[in-house]
Amino acid sequence: MKDDEQFEKDSSAADSSADSVDEYLQTLGNEDAREQRYYSQEQPFSADEMTRLVNEERLNELLAQSDAFLSSLSDELRDFEDNSH
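Quick summary incoming for the structure in this document. (Residues numbered from 1 in each chain as written. Predicted model: local features only at pLDDT ≥ 70, side-chain atom pairs only at ≥ 80, totals over all residues. Heavy atoms only, no water.)

1. Here's the deal with the overall build of the chain
Using the following cut-off: For helices the rule is a DSSP run of H or I covering at least 4 residues; for strands it is a run of E covering at least 2, with both sets numbered from the N terminus onward. Relative accessibility thresholds used throughout: buried, under 20% of the residue-type maximum; exposed, over 50%; partly exposed, between the two (1.4 Å probe, protein chains only). Using a 1.4 Å probe, accessible areas were evaluated by the Shrake-Rupley method; residue-level cover was limited to the displayed protein chains.
When helices and strands are tallied, the chain shows four helices and zero strands. In the chain, which comprises 85 residues, the proportion classed as buried is 1%. Of the roughly 8,100 Å² of accessible surface on the chain, a fraction of 51% belongs to carbon and sulfur atoms.

Here is the structure:
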């Protein structure tokens, strides 16, 4: 009897894996379905988890670097526009 129960568990696990593969293969040709499948697998973080995970000091450094980069990019674009006239 135990073997029959184990077989049922194994076959149902195989069915779900096969179903997952089949579903994935069907979405390969459909960009919207593929994107929806990708985002449906995301796990949202709670505010407490984010507070624990984010290194605030490093985040501030990265934001400062991105601000400096965007500022220099804006200056370069302004110089390019001035020189093209």
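From this point, the narrative continues.
2. Some thoughts on a negative patch on the surface
Keep this limit in mind: In this scheme, patches are assembled from residues that exceed 30% relative accessible area and form no salt bridge. Like charges are connected within 9 Å, while nonpolar side chains (Val, Leu, Ile, Met, Phe, Trp, Tyr) are connected within 5 Å. Note on definitions: salt bridges are taken to be side-chain nitrogens of Lys or Arg within 4 Å of carboxyl oxygens of Asp or Glu. In this tally, Asp and Glu contribute negative charge and Lys and Arg positive charge; neither His nor the terminal groups of the chain are included. Charge positions are represented by NZ for Lys, CZ for Arg, CG for Asp and CD for Glu.
A grouping of Glu-76, Asp-79, Glu-81 and Asp-82 is seen on the molecular surface, where their side chains present a negatively charged patch. By the secondary structure assignment, Asp-79 is in helix H4 (residues 56-84). Assessed through its relative accessible area of 44%, Asp-79 is described here as partly exposed.

3. Quick notes on H4
This is how the line gets drawn: Residue count minus one, scaled by 1.5 Å, sets the expected span of a helix. What qualifies as a polar contact is a pair of N or O atoms within 3.5 Å, subject to a donor-acceptor requirement within protein and to the restriction that residues adjacent in sequence count only when both atoms come from side chains.
Between the first and last C-alpha of H4 there are 42 Å, a value that for 29 residues agrees with the 42 Å anticipated at 1.5 Å per step. Sitting at the head of H4, Asn-55 places a side-chain oxygen 3.2 Å from the backbone nitrogen of Glu-57.

4. Here's the deal with the pattern of salt bridges
When charged atoms on two side chains of opposite charge get close, those side chains can pair. A complete count under the given rule lists two salt bridges for this structure. With a closest N to O distance of 3.2 Å, Glu-61 and Arg-58 form a salt bridge. With Glu-61 and Arg-58 both in helix H4, this residue pair falls three residues apart, about one helical turn. Classification of Glu-61 by relative accessible area gives partly exposed; the value is 37%. As a salt-bridge pair, Arg-78 and Asp-75 come within 2.7 Å of each other at their nearest N and O atoms. Pair noted here: Arg-78 and Asp-75 are both in helix H4, with a separation of three residues, about one helical turn.

5. Some words on a nonpolar patch on the surface
Nonpolar side chains collect at one region of the surface, where Phe-45, Met-50, Leu-53, Val-54, Leu-59 and Leu-63 lie side by side and expose about 540 Å² of accessible area between them. Contributions of two or more residues to the nonpolar patch are made by helix H3 (47-53) and H4. Its place among the elements puts Leu-63 in helix H4.

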